[in-house]
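Commentary on secondary and tertiary structure
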Amino acid sequence: MSQNNKNSDNNTRSTWRVDVMSLYPEMFPGSLGLSIAGRALENNIWSINGTQIRDFAEGKHKNVDDTPTGGGAGMVLRADVLAKCIDAVQQPGDTRPLIYLSPRGKMLDQKRVRELCDGDGIILLCGRFEGVDQRLLDHKNIEEISIGDYILSGGEVAALTLLDACVRLLPEVMGSKHSGDDESFENDLLEYPHYTKPRVWQGLEAPEVLRSGDHGKIAKWRKAQAEKITKAKRPDLWAKYDAKH
Ligand code: SAH
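Residues numbered from 1 in each chain as written. Predicted model: local features only at pLDDT ≥ 70, side-chain atom pairs only at ≥ 80, totals over all residues. Heavy atoms only, no water.

**What to know about the pairing of strand E2 (residues 46–52)**
As paired strands, strand E1 (residues 16–22) and E2 are joined by seven bridges and run parallel to one another. Within the sheet, the bridge partner assigned to serine 22 lies in E2 and is glutamine 52. In this fold, E1 hands off to helix H1 (residues 35–42), which returns the chain to E2; that crossover is right-handed. (Pairing = 2+ DSSP bridges. Helix = DSSP H or I, 4+ residues; strand = E, 2+ residues; numbered from the N terminus. Right-handed = clockwise from strand over helix to strand, strands pointing away.)

Right under this line is the structure:
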């Protein structure tokens with residue numbers, strides 16, 4: 001099977017391959033072994049291979065980190081050890097982006113998630129301690145992605161977050177009925193509110209229009225709600241949407 005098949009070619013698409021380098025590879029697939037991601041993993045829609053960074057350390061103590069040059073708190077992951085690990089994982093001709101999960105990276109969004117899904121997979125590097133030696137990032141031209149403006153103790157949970165967002169969008173994973181097109185962020189809008197049974201709860205009913213059976217009206221109402229909610233909750237998104245429409 002060709003490695004170059006893209007999402008559009010569902011039947012012949014090859015497995016979306018993930019490699020993750022970590023000091024705790026046993027954290028994978030973790031939560032992604034369950035539910036829809038877990039089923040997709042069983043069905044080979046995606047695959048994951050964990051690599052233990054420490055296996056590439058030398059000497060009796062197998063040190064992967066050392067004190068920061070210039071002083072300061074904490075430890076830094078060594079460029080030489082990480083480079084060896086990357087070279088073992090990234091084969092020549094590998095088209096998958098190499099990504100370091102980092103609070104200094106570009107904030108992950110649905111657009112980048114879609115782009116990543118359209119490729120052959122990803123290679124992820126999870127940091128620990130104070131992070132990694134800057135020379136590694138510069139020398140290997142590594143993309144940095146953040147999952148938000150807060151600090152985690154390691155890149156693993158960020159990697160699981162990124163993977164969760166990607167895997168659910170792979171062909172066949174959510175089922176053909178649910179394309180995800182209406183969801184928050186897909187059109188620079190947050191999603192409209194949802195309701196379900198029971199019909200009356202605590203004396204409250206779902207808005208009348210949703211019970212009307214008029215699909216045109218329902219679609220119009222949902223769009224108006226999505227716009228209203230986005231305007232109120234996310235002025236930044238609203239500005240983007242407003243400029244486009
Ligand atoms: N000293 C660093 C934080 C290191 S946290 C700083 O101030 O920028 C340890 C590791 O957790 C990082 O190397 C990174 O891989 C991961 N990490 C922490 N917060 C993250 C975030 N918001 N997004 C992605 N990865 C994160």
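**Side note on the pattern of salt bridges**
Tallied over the entire structure, the rule returns 19 salt bridges. Salt-bridge contacts for glutamate 58 lead to lysine 84; the nearest nitrogen and oxygen are separated by 2.3 Å. Pair noted here: glutamate 58 is in the loop between E2 and strand E3 (65–66) and lysine 84 is in helix H2 (residues 79–89), with a separation of 26 residues, a long-range link. Overall, glutamate 58 belongs to the exposed group, its relative accessible area being 58%. Linked by salt bridges that have partners in common, Lys111, Arg112, Glu115 and Glu143 make up one network. (Salt bridge = Lys/Arg side-chain N within 4 Å of Asp/Glu carboxyl O. Buried < 20%, exposed > 50% of the residue type's maximum accessible area, 1.4 Å probe, protein only.)

**As for the site of the ligand**
Close to the ligand lie 20 residues, the nearest being Tyr100, Leu101, Gly127, Gly148 and Tyr150. Tyrosine 100 is positioned such that a nitrogen or oxygen atom in its side chain is 2.6 Å from an oxygen atom of the ligand. Within the backbone of glycine 127, one N or O atom sits 3.0 Å away from an oxygen atom of the ligand. Mapping the ligand onto the cavity grids shows that it belongs to the second largest pocket. Only strand E5 (98–107), strand E7 (143–146) and helix H5 (155–167) provide two or more residues apiece to the shell around the ligand. The greatest single-element share of the shell around the ligand, amounting to four residues, is contributed by E5. Grouping the constituent residues of the shell around the ligand by class yields 10 nonpolar, eight polar and two charged. (Near = heavy atom within 4 Å. Polar contact = N/O pair within 3.5 Å; in protein donor to acceptor, adjacent residues only side chain to side chain. 1 Å grid on protein atoms, 1.4 Å probe; cavity = no way out; pocket = protein on both sides within 12 Å on 5 of 7 lines; lining within 4 Å. Sits in = over half its atoms within 2 Å of the grid points. Nonpolar A, V, L, I, M, F, W, Y, C, P; charged D, E, K, R; others polar.)

**Let's talk about a nonpolar patch on the surface**
There is a patch of nonpolar side chains on the surface, built from Tyr150, Leu152 and Val157 and spanning about 270 Å² of accessible area. You can call valine 157 partly exposed: its relative accessible area is 43%. (Patch = residues over 30% accessible without salt bridge, like charges linked within 9 Å, V, L, I, M, F, W, Y side chains within 5 Å. Areas by Shrake-Rupley, 256 points an atom, 1.4 Å probe, with all protein chains shown as cover.)

**A closer look at the sheet that holds E1**
Spatially, five strands are ordered E2-E1-E6-E5-E7 in an open sheet, and the strand pairing comes out parallel. The sheet is open, and its two edges are formed by E2 and E7, each paired on a single side. Looking at each pair of strands side by side, their axes are set apart by 35° on average, direction ignored. Across the sheet, helix H3 (residues 110–118) touches E1, E5, strand E6 (121–126) and E7, and the angle it forms with E7 is around 130°. (Axes fitted to C-alpha atoms, helices over the stretch in contact; angles between N-to-C directions. Contact = heavy atoms within 4.5 Å.)

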